[in-house]
Amino acid sequence: MSTPTNWPLPPDGIRFVVPQFLVTSMAAHPLACDLHPLSFGFYPHAAGHEAARAEHDDYLLIYVHQGRGRVLTADERIDIVAGDLLTFPKGQAHAYEASTSEPWTIYWVHFDGERAGAYLCAADGTPVARRVHVGVVPTVVSDFESLFSVRDSGYQIGAFLHAANQLKQLISSLVLSHGRPQLDPLVATAEALMRSRLNDSLDLATLAAAAGVSKFHFAKRYKQATGIAPIQRFLRLKIERACHLLDITPASIGEVAQELGFADRYYFSRLFRSLVGVSPRGYRELGRG
């Protein structure tokens, strides 16, 4: 695996490399084989910190809590500020360095696993290096500090299995939630109208008019942005609301259908079953809500 940098560690810094026997155990365990930590750390005010890896055989995540730095590519320097999240996939050469005037304070973790790349994937399914600004968030720091607690476990495999799942939660909440592209304003306008009209009906012409574009342009752009046709999305929002009403009210199936603008309760029931997998009555009887 790629080794951490040999930046001189101050008394309040952290650098922890997971022993190989634990890496081997996690890689073979069903609760950790998909993603597990290899090393992690905390570098405060890391003056002089830098790295350049021509060959990188694991995955790396860096969260910049304070200060500044830069990522170096073949032809440019990308300035990094507090609140930035950096991800570097396996197999991609990379280089970075702390600012000389305002050196960064960073939390970092090297990780690997059968599905580790999926957490860093772009829209086409390819793991990519990227910068996402998530902001200076106290919960990110607390998540890293929870991960760091494994250092006091006496190398117990159970503690490291738990750490692997803490790491999955940390990465998925940061990369998958904050790493999404900004919502297309056209989609945002349509979604707001859909949610305001769940007890009514909507057609493509009305949605397109609200977005100020033609029906053809609206339908194409909406599906490109969301992966689903706009009317299908509207129907799914209705059924989502139907589940909520079935959970919290004693209303009959027909009343729920009517509340959501379905004139035909049998069509409502068929649609509900096709999306949820059970009938409205069957859903209510499950009591899962």
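The structure this text deals with has already been given above.
Values in this document were obtained by computation on a predicted structure and should not be read as measured data. (Residues numbered from 1 in each chain as written. Predicted model: local features only at pLDDT ≥ 70, side-chain atom pairs only at ≥ 80, totals over all residues. Heavy atoms only, no water.)

Trainee: It is not clear to me how the pairing of strand β7 (residues 84–88) should be interpreted in this structure. Could you clarify?
Mentor: Side chains on a regular strand alternate between the two faces of the sheet. The element β7 is extensively covered by neighbouring structure, given that 5 of its 5 residues are classed as buried. Of the strand pairs in this sheet, strand β4 (residues 59–66) and β7 are connected by 4 bridges, and their pairing is antiparallel. What sits directly across from L61, in β7, is T87. Pairing geometry for β7 and strand β10 (residues 130–133), over 4 bridges, is antiparallel. Across the sheet, the residue bridging to L86 is R131, located in β10. (Buried < 20%, exposed > 50% of the residue type's maximum accessible area, 1.4 Å probe, protein only. Helix = DSSP H or I, 4+ residues; strand = E, 2+ residues; numbered from the N terminus. Pairing = 2+ DSSP bridges.)

Trainee: Can you walk me through the environment of D12 in this structure?
Mentor: Checked against the element boundaries, D12 lands in the segment before β1 (14–17). On the basis of relative accessibility, which here comes to 49%, the residue D12 falls in the partly exposed class. In the structure, D12 is positioned 30 residues away from F42 in sequence and 8.4 Å away in space, judged by C-alpha atoms. When residues no more than four places from it in sequence are discounted, the contact partners of D12 are F42 and P44. (Contact = heavy atoms within 4.5 Å.)

Trainee: Please clarify how the sheet that holds β7 should be interpreted in this entry.
Mentor: The strands that make up a sheet pair up through hydrogen bonds in the backbone, lying either parallel or antiparallel. Pairing is antiparallel in the open sheet, where 6 strands are placed in the order β1-β2-β9-β4-β7-β10. The strands lining the two open edges of the sheet, one partner per strand, are β1 and β10. On average, each strand axis in the sheet is tilted by 15 degrees relative to the strand beside it, whichever way the strands run. The sheet strands contacting helix α2 (residues 138–148) are β1, β2 (36–43), β4 and β9 (105–112), and the helix crosses β9 at an angle near 55 degrees. (Axes fitted to C-alpha atoms, helices over the stretch in contact; angles between N-to-C directions.)

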